[in-house]
Amino acid sequence: MIKNSTQAITIRGAKGKRMGGASDELVFVAADSGVSMNRLVRFTIDAGLAGLEMQLGLPGTVGGAVYMNSKWTHPVGYVGDAVYQAEILTPVGERKQVPRSYFHFAYDTSSIQKTKDIVLSVIFSLRSDTKEHLWEIANGSIRYRQETQPQGVKSPGCTFRNISQAEALSVPTPNYTTSAGFLIDHAGCKGVRVGDAEISPVHANFIVNRGQATAADVVQLIELVRSRVQKEFGVRLEEEIVKVGEF
Ligand SMILES: Cc1cc2nc3c(=O)[nH]c(=O)nc-3n(C[C@H](O)[C@H](O)[C@H](O)COP(=O)(O)OP(=O)(O)OC[C@H]3O[C@@H](n4cnc5c(N)ncnc54)[C@H](O)[C@@H]3O)c2cc1C
C-alpha cells in the first residue's frame, strides 16, 4: 500500500486581463496529488480564487478527487471543471503532461478509471473573486453537509451513483427523480442493518458503521438495498464507492 503524502501547492501564474472591475483573468494553481482537497480549497479561497470553494468538506486528496471527478450539488461544481492540466504516470512508467480533455470528465467518472494512470500533480485554472463571497459559498456547503448527512460516524460516503436523467424519464421514477437516496428511502431501507452496517436514518445513500461492521456486511447490505430498489422502482443502482480487494 502506498500513502501519497505529496504536499506542494503553488500559484504558477496568470493569463488574461483585468480592466476596471471586470476581469477575464485565469490564475493557475498547481497541487500535488497527495494534497488534501480541504487544504487546497482553503488555500484557493484565501488567495481570492474561485472554482473549488463549493468543495469544502470533501474528504480525500486531489488525486482521488480527479479519479472520481468528485462533485458538490449545492451549488453544483465538479472538481474536473477546474482542472487545466495534469502530470500523470502511465502504467508503463511514462511521465506525461496531459490537458483537461484527456480525462473525459463526466458524472463520477474520469478516463483514468480505465487507463489506470496515476495522477502526480494537477494544475487548476481559477478566477478571481472576493474572499468574503468564496467563504460564504464554502460555509454554505459545510452547513448543507451538516444538515443533510450523518455526522461524527464512520461512513464511506455516498454508496450508490444517482441515476441518469434519461433513465429517470424512461422508468419513470416518482417525479422523475434521479436521486439514489430518494429511491432507497422510499423502498423503506432507512435503518436497515446487516451486522453493524446500517443504512443511515439521516441520509439513505450513506451506510454507517454502528460498531464492528465488516466489509462483507457492507457488501451484503448493498445487495439487499439494490434488490429492494429494483423490486420497488425497476431501477438497478450502481455503486459509487470503490471496493478494494477480493469480494
Ligand atoms: C464522508 C464522505 C463524504 C463524501 N462526500 C463526497 C461528495 O460530497 N462528493 C463526492 O464526489 N464524493 C464524496 N465522497 C467521496 C470522495 O470524494 C472520494 O472517495 C475520493 O475519491 C476520496 O479521495 P481519496 O484520496 O481518499 O481516494 P481513495 O479513497 O484513496 O481512492 C479512491 C480511488 O481513487 C484512486 N486514486 C486516488 N489517488 C489517486 C491518484 N493520485 N492517481 C490516480 N488514482 C488515484 C484510487 O486508486 C481509488 O480507486 C465522500 C466520501 C466520504 C467518505
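Description of the environment of Thr109
Part 1: You can see Thr109 is positioned in the loop between strand 9 (95–99) and helix 3 (112–115).
Part 2: With relative accessibility at 27%, the residue Thr109 sits in the partly exposed group.
Part 3: Put simply, Thr109 and Leu134 are 25 residues apart on the chain and 26 Å apart in space, counted from C-alpha to C-alpha.
Part 4: In this structure, Thr109 is in contact with Tyr67, Met68, Asn69, His104 and Arg161, ignoring residues within four places of it in sequence.
Part 5: In this structure the side chain of Thr109 is engaged in a polar contact, spanning 2.7 Å, whose partner is the backbone oxygen of Tyr107.

Section: the pairing of strand 10 (residues 118–128)
Part 1: In this structure, strand 4 (residues 26–32) lies alongside strand 10, joined through seven bridges in antiparallel fashion. By the bridge assignment, Ala30 is partnered in strand 10 with Ile123.
Part 2: For strand 8 (residues 83–89) and strand 10, the ladder comprises six bridges, and the chain directions are antiparallel. Bridged to Leu89 within strand 10 is Ile118.

Some words on the sheet that holds strand 12 (residues 197–199)
Part 1: Read across the sheet, three strands follow the order 11-12-13 without closing on themselves; strand pairing throughout is antiparallel. The open sheet has two edge strands, strand 11 (193–194) and strand 13 (207–209), and neither has a second partner.
Part 2: For strand 11 and strand 12, the ladder comprises two bridges, and the chain directions are antiparallel. Residue Arg193 lies in a different strand from strand 12, and its bridge partner there is Glu198.
Part 3: In this fold helix 7 (residues 215–233) packs onto strand 11, strand 12 and strand 13, with an angle of close to 30 degrees to the strand it touches most, strand 12.

Examining the nonpolar core
Part 1: The biggest cluster of nonpolar side chains holds 32 residues, and the ones touching the most others in it are Met37, Leu40, Val62, Phe103 and Phe124.
Part 2: Those elements that place two or more of their residues in this core are strand 4, helix 1 (37–46), strand 5 (49–50), helix 2 (62–68), strand 8, strand 10 and helix 4 (131–148).
Part 3: What Phe103 contacts, discounting residues up to four positions off in sequence, is Val66, Ala86, Ile88, Val98, Ser110, Ser111, Ile112 and Val119.
Part 4: By size, the runner-up hydrophobic cluster in this structure holds 23 residues, among which are Ala168, Leu221, Val225 and Val235.

Re the environment of Val122
Part 1: Positionally, Val122 belongs in strand 10.
Part 2: Given the relative accessible area of 1%, Val122 is considered buried.
Part 3: Between the C-alpha atom of Val122 and that of Pro156, which follows or precedes it by 34 residues, the distance is 25 Å.

A word on the site of the ligand
Part 1: Within the structure, the ligand sits among 22 residues, and Thr61, Ser70, Lys71, Val119 and Arg145 are positioned closest to it.
Part 2: In this structure, a nitrogen atom belonging to the ligand sits 2.9 Å away from a main-chain N or O atom of Val119.
Part 3: At 3.0 Å, a side-chain N or O of Arg145 approaches an oxygen atom of the ligand.
Part 4: Considering the ligand on its own, with 950 Å² of exposed area, one finds that the protein chains cover 69% of that surface.
Part 5: Contributions of two or more residues to the shell around the ligand are made by helix 2, strand 6 (71–73) and strand 10.
Part 6: A per-element tally of the shell around the ligand places helix 2 first, with four residues.
Part 7: Residue composition of the shell around the ligand, grouped by class: 10 nonpolar, eight polar and four charged.

Calculation criteria
Residues numbered from 1 in each chain as written. Predicted model: local features only at pLDDT ≥ 70, side-chain atom pairs only at ≥ 80, totals over all residues. Heavy atoms only, no water. Helix = DSSP H or I, 4+ residues; strand = E, 2+ residues; numbered from the N terminus. Buried < 20%, exposed > 50% of the residue type's maximum accessible area, 1.4 Å probe, protein only. Contact = heavy atoms within 4.5 Å. Polar contact = N/O pair within 3.5 Å; in protein donor to acceptor, adjacent residues only side chain to side chain. Pairing = 2+ DSSP bridges. Axes fitted to C-alpha atoms, helices over the stretch in contact; angles between N-to-C directions. Core = buried A, V, L, I, M, F, W, Y, C linked by side-chain atoms within 4.5 Å. Near = heavy atom within 4 Å. Areas by Shrake-Rupley, 256 points an atom, 1.4 Å probe, with all protein chains shown as cover. Nonpolar A, V, L, I, M, F, W, Y, C, P; charged D, E, K, R; others polar.

Purely geometric stuff here, so don't read any function into it on its own.
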